[in-house]
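This is what each chain is made of:
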Amino acid sequence: MSGSMGAKGFRKLTAIGLVSVSIIAFQLVMMMQFSIAQWHHFAQLVIATALLGFGAAGTLLSLFRRWMAEHYERLFPSLLLACGLGMALSGHMAGIVGDFDALLLFLDREQWLRFAVFCVAYILPFLFGGLAVTLAFYCEVGQIGRLYFSNMAGSGLGALMIVQLMYIIPISLLPGVLALIPVAAGLLCIRYKPAELIVSGAVVLAIALAVFRPAEIPTSQYKSIERAMLLPGAEIIERS
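Worth saying up front: this structure is predicted, and the values here are computed from it rather than measured.

Cut-offs applied
- Residues numbered from 1 in each chain as written.
- Predicted model: local features only at pLDDT ≥ 70, side-chain atom pairs only at ≥ 80, totals over all residues.
- Heavy atoms only, no water.
- 1 Å grid on protein atoms, 1.4 Å probe; cavity = no way out; pocket = protein on both sides within 12 Å on 5 of 7 lines; lining within 4 Å.
- Points joined across faces, edges and corners; volume = space filled by probe spheres on them.
- Helix = DSSP H or I, 4+ residues; strand = E, 2+ residues; numbered from the N terminus.
- Nonpolar A, V, L, I, M, F, W, Y, C, P; charged D, E, K, R; others polar.
- Polar contact = N/O pair within 3.5 Å; in protein donor to acceptor, adjacent residues only side chain to side chain.
- Contact = heavy atoms within 4.5 Å.
- Expected span 1.5 Å × (residues − 1).
- Buried < 20%, exposed > 50% of the residue type's maximum accessible area, 1.4 Å probe, protein only.
- Arc of directions from axis to C-beta.

Side note on the layout of surface pockets
Phase 1: Estimates place the volume of the largest pocket at around 850 Å³.
Phase 2: Considering the residues around the largest pocket, the lining is formed by 21 residues, among which I36, I171, E216, R239 and S240 are closest to the centre.
Phase 3: Contributions of two or more residues to the lining of the largest pocket are made by helix 1 (7-37) and helix 8 (224-228).
Phase 4: Residue contributions to the lining of the largest pocket peak at three residues, all from helix 1.
Phase 5: Residues that form the lining of the largest pocket fall into these classes: 13 nonpolar, four polar and four charged.
Phase 6: Ranked by residues supplied to the lining of the second largest pocket, first place goes to helix 4 (residues 110-139) with four residues.
Phase 7: Its residues placed into classes, the lining of the second largest pocket shows five nonpolar, six polar and no charged.

So, the side chain of N151
Phase 1: In this structure, N151 sits in helix 5 (residues 144-165).
Phase 2: Side-chain polar atoms of N151 contact the side chain of S20, separated by 2.7 Å.
Phase 3: Among all residues touching N151, those that are not within four sequence positions of it are I16, S20, V133 and F137.

So, empty space enclosed by the protein
Phase 1: In this structure the tally under the stated criterion is three cavities of 30 Å³ or more.
Phase 2: Put simply, the largest cavity is a space of about 100 Å³.
Phase 3: Lining the largest cavity we find 15 residues, and of these A88, G91, S172, P175 and A215 sit closest to its centre.
Phase 4: Mapped onto the lining of the largest cavity, the elements with two or more residues apiece are helix 1, helix 3 (72-94) and helix 6 (174-189).
Phase 5: The greatest single-element share of the lining of the largest cavity, amounting to four residues, is contributed by helix 3.
Phase 6: Taken as a whole, the second largest cavity spans an internal volume of roughly 50 Å³.
Phase 7: Along the walls of the second largest cavity sit M30, F34, F42, L45, V46, T49, F118, Y122 and F126, which together make up its complete lining.
Phase 8: At the level of secondary structure, the elements contributing two or more residues to the lining of the second largest cavity comprise helix 1, helix 2 (42-70) and helix 4.
Phase 9: The element best represented in the lining of the second largest cavity is helix 2, accounting for four residues.

Some remarks on helix 7 (residues 194-212)
Phase 1: Under the 1.5 Å per step criterion, the end-to-end length of helix 7 is 27 Å for 19 residues, consistent within 8% with the ideal 27 Å.
Phase 2: Looking only at helix 7, the buried set comprises E196, S200, V203, I207 and A210. Buried residues of helix 7 fall within an arc of 85 degrees about the axis and therefore sit on the same side. What points out from helix 7, more than 90 degrees from its buried face, is the exposed set P194, I198, L205, L209 and F212.
Phase 3: Looking at the packing, one finds that the buried side of helix 7 touches helix 3 and helix 6.

This is the structure we're talking about:
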C-alpha cells in the first residue's frame, strides 16, 4: 500500500481500531467475571491468556507469513469475524466438558481437562484478533504509523468504554455485545461476494443467539455467596 490512504485504507484503519476496542474491553470483562466466579488471582490468568493468544498469533504469522500475505484481503476480514464469534461463544465452549473449579485442581483429575478447555476457549478471541492486527501490520507496512495509532487509540478507548458499559449492561451479556464490534470491523472489509455474505450472516446469527442466551460462568462452590445460598430459604433477590 502506498503512503496515500484511500477509502479502502480508511476502512482497514477503522477495522483495526474497532477490533482493538473489543479485545481490550473483552479482556477486562473476563477479568471481572472470573474474579467474581472464581477468585481475584484469575484476573492475572486472563492477562496471561491474552498474551499467550497474541504470542501464538505472532508465531503463526512467522510460520505462514507468505501464504497469509498472498490471501491477506480475504483472510483479514475472516479473522475479524472469527474473533467476534470466539468472544460470543467462549463461555459456551469453556463449559463443554463441565464446570471448572480452581480449588479442585489438585483433588479431581477431570478439572485439568476442564481447565485446558477453559484456557483454549478464551485464547481463541485473542488469537484471531491479534493475528488480524499483526497481519495488517505486516502487509500494510507503508501505513504502519497510522495502523499503530489506530491500534493504540482503539485499545485506550476500549478500556474507557467498558468501565461505563459495566454500569449499564449486565456483565453476562457483555461478551456477546462486544462480539458485534469485531464483526462490524470484518463487515467493513469483506468483498461482499455470496460466500462471504453467507458466512458473515451465519456469524451474526450465532452471536445474536449468544446475546439472547448468554453463558453463565458458574461461581465456585467454595465462595461465600454459594455457601450462603445453602441456608434454608436463601434466594437472590437483586443483582447489581
